[in-house]
Amino acid sequence: MELPRVVIIGHDAIKVLGKEVKQTREKQVLIVSSETPLKLVGSSIMEALESENIRYKILKIDRSPMMDNVKSIVDLLKSSDIKLAIAVGGGRVIDTTKLAVLNAGVKFFSVPTTASHDGICSPLVSFPSSDRRYSFYAATATEIIADTGLIATSPYRLTASGCGDIMAKLTAVRDWRLSHLLRGEYYGEYAATLAETSVSRIVENSELIRTGSEEGVRVVVEALIHCGIIISVAGSSRPCSGSEHLFSHALDMLCEKPALHGEQVGVGTIMMAYLHGADWKLVRETLRRVGAPTTCRELGIDLDTVVKALTMAHTIRPERYTILGEKGISIEAAKNLVAVTGVAD
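The sections below set out a description of the structure shown in this document. (Residues numbered from 1 in each chain as written. Predicted model: local features only at pLDDT ≥ 70, side-chain atom pairs only at ≥ 80, totals over all residues. Heavy atoms only, no water.)

Considering the layout of surface pockets
To keep it simple, the criterion reads: Cavities and pockets were defined on a 1 Å grid built from protein atoms only: a cavity is a group of points that admits a 1.4 Å probe but offers it no way out, a pocket is an open group of points flanked by protein on both sides within 12 Å along at least five of seven lines, and a lining residue is one with an atom within 4 Å of any such point. Grid points are joined across faces, edges and corners, and a volume is the space filled by probe spheres set on the points. Helix numbers and strand numbers start at the N terminus; a helix is a DSSP run of H or I with at least 4 residues, a strand a run of E with at least 2. Polarity classes work like this: nonpolar for Ala, Val, Leu, Ile, Met, Phe, Trp, Tyr, Cys and Pro, charged for Asp, Glu, Lys and Arg, and polar for all others, with Gly in that last group.
Quantified by volume, the second largest pocket comes out at close to 210 Å³. Considering the residues around the second largest pocket, the lining is formed by Asp12, Ile14, Lys15, Leu40, Val41, Ser44, Glu47, Ala48, Ser51, Asp147, Gly149 and Leu150. The element best represented in the lining of the second largest pocket is helix α2 (residues 35–50), accounting for five residues. Of the residues that constitute the lining of the second largest pocket, the class distribution is five nonpolar, three polar and four charged.

What to know about the pattern of salt bridges
Test applied: When a carboxyl oxygen of Asp or Glu is within 4 Å of a side-chain nitrogen of Lys or Arg, the pair counts as a salt bridge. Burial classes: relative accessible area under 20% of the type maximum marks a residue as buried, over 50% as exposed, and values in between as partly exposed (1.4 Å probe, protein chains only).
This structure, assessed with the given rule, holds 16 salt bridges. A salt bridge links Glu143 to Arg5; the shortest N-O distance between them is 2.9 Å. Here Glu143 is found in strand β8 (residues 143–147), whereas its partner Arg5 is found in the segment before β1 (6–10), with 138 residues between them in sequence. Glu143 gets classed as buried once you look at its relative accessible area, which sits at 0%. We classify Arg5 as partly exposed; its relative accessible area is 49%. A salt bridge links Asp118 to Lys169; its shortest N-O distance comes to 2.9 Å. With Asp118 in the loop between β5 (107–112) and β6 (124–128) and Lys169 in helix α7 (residues 169–183), the pair connects residues that are 51 residues apart, well separated along the chain.

Observations regarding the nonpolar core
Rule in force here: Nonpolar cores were defined as sets of buried Ala, Val, Leu, Ile, Met, Phe, Trp, Tyr and Cys residues, with membership established by side-chain atoms within 4.5 Å. Should any heavy atoms of two residues lie within 4.5 Å, those residues are considered in contact.
Ranked by internal contacts, the top residues of the largest apolar core, which has 77 residues, are Ile202, Phe247, Met271 and Leu310. Counting residues per element, this core draws most heavily on helix α10 (residues 214–234), which supplies seven residues. Dropping the residues within four chain positions of it, Met271 is found in contact with Phe247, Val306, Leu310, Leu337, Val338, Thr341 and Val343. Membership of the second largest hydrophobic core comes to 18 residues, among which are Ala48, Leu49, Phe109 and Ile145.

Some remarks on the side chain of Thr341
Here Thr341 lies in the segment after α16 (331–340). Judged by relative accessible area, which is 0%, Thr341 ranks as buried.

Here's the deal with the pairing of β5
Test applied: In short, DSSP must find at least two bridges between two strands for them to pair.
The buried fraction of β5 is high, at five of six residues. By the bridge criterion, six bridges tie strand β4 (residues 84–89) to β5 in an arrangement that is parallel. Note on β5: the bridge partner recorded for Ala87 is Ser110. The sheet contact formed by β5 and β8 spans two bridges and is parallel. Of the residues in β8, the one forming a bridge with Ser110 is Ile144.

Notes on the sheet that holds strand β2 (residues 28–33)
For clarity, the threshold we go by: Working convention: axes come from line fits to C-alpha atoms, limited for helices to the stretch in contact. Angles between N-to-C directions cover 0 to 180 degrees.
Reading across from one edge, β1-β8-β5-β4-β2-β3 is the order of the six strands in this open sheet, with parallel pairing throughout. This sheet does not close on itself; its edge strands, each paired only once, are β1 and β3 (55–60). The average undirected angle you get between the axes of adjacent strands in this sheet is 15°. Running at roughly 175° to β3, α2 makes contact with β2, β3, β4 and β5 of the sheet. In the packing of helix α3 (residues 66–80) onto the sheet, the strands contacted are β2 and β3, and the crossing angle to β3 comes to about 160°.

Focus: a nonpolar patch on the surface
Quick note on the threshold: Any residue with relative accessible area above 30% and no salt bridge may belong to a patch, with like charges joined within 9 Å and the nonpolar Val, Leu, Ile, Met, Phe, Trp and Tyr side chains within 5 Å. Note that accessible areas follow from Shrake-Rupley with a 1.4 Å probe, and for residues the cover is restricted to the protein chains shown.
On the surface, a cluster of nonpolar side chains totalling about 200 Å² of accessible area is made up of Tyr274, Leu275 and Val340. Overall, Tyr274 belongs to the partly exposed group, its relative accessible area being 31%.

Some points on the environment of Ile73
Mapped onto the elements, Ile73 comes out in helix α3. Spatially, the C-alpha atoms of Ile73 and Pro123 are 18 Å apart, while their sequence positions differ by 50 residues. Once residues within four sequence positions are removed from consideration, Ile73 is found in contact with Leu30, Val32, Leu59, Ile61, Thr96, Thr97 and Ala100.

Here's what the structure looks like:
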């Protein structure tokens with residue numbers, strides 16, 4: 001398994017970036033970011049690097065297709081002979097950098113500016129096609145520097161979304177165990193237990209998280225990084241992604257403007273927990289306490305689309321067995337599911 005060499009979490013953690021880069025003995029780095037993160041933290045990043053005489057180039061990615069941005073990063077890395085990239089931003093920036101450094105054969109640091117999902121540490125990249133979604137291994141961050149003071153200034157909606165992504169581990173683990181029992185798929189009890197521990201952290205600290213305080217943000221950031229590491233331990237996204245993620249991916253395909261990833265999987269977790277016979281009411285109440293969506297209306301997605309997503313979710317990754325089975329659920333069953341769990345409200 002490949003794990004981050006160093007994880008630094010805390011207030012003003014960004015200030016140690018220059019010292020951490022110096023430890024690698026690299027004299028020049030590539031900063032990969034986007035417009036908003038650069039405005040918020042660009043000067044602090046540059047100051048930290050300049051304090052240690054680290055030269056840098058900056059590449060700002062845009063809303064172009066992911067592979068276009070990946071190519072731009074790879075071309076710059078290869079033409080400049082830079083061996084270390086620093087991804088500064090949210091999931092889009094970090095995922096794009098993961099894939100680029102894999103192709104370029106260099107290392108990268110992850111410097112998240114939001115806590116919206118576990119991609120800040122996970123080695124996986126999720127890539128959509130026309131009718132399904134593929135997840136594959138890219139690169140593991142050599143180091144993660146999470147400045148909780150900085151992340152606490154991001155819109156709270158992103159942190160609440162991160163809570164939804166963490167709660168999803170409750171049903172992901174159950175789907176994994178089910179596939180082990182019915183299909184003989186490898187199941188790692190240790191990784192599964194670690195994933196369930198992350199869920200407990202959000203349940204137990206939901207009221208603290210809702211305050212939007214830096215202390216609450218730290219709970220979410222630690223749990224998200226924990227989940228990313230669990231994927232490396234398991235050698236698979238299984239302990240962190242199950243039927244609730246398939247539901248979210250289906251929504252991504254159906255909606256012109258889907259909700260945030262963690263928001264969608266959070267609502268999916270409510271429904272999949274019901275199908276598993278788990279404590280779906282606890283999931284719903286926890287999401288409510290942290291201020292995350294629990295209904296179609298709060299997601300901003302109409303009921304018919306949610307029902308359709310439920311009926312097609314099993315087709316997104318047909319090789320991944322979940323509670324939805326091989327044939328999925330009927331329209332009538334989907335309508336009943338959204339009704340009984342209150343998602344239709």
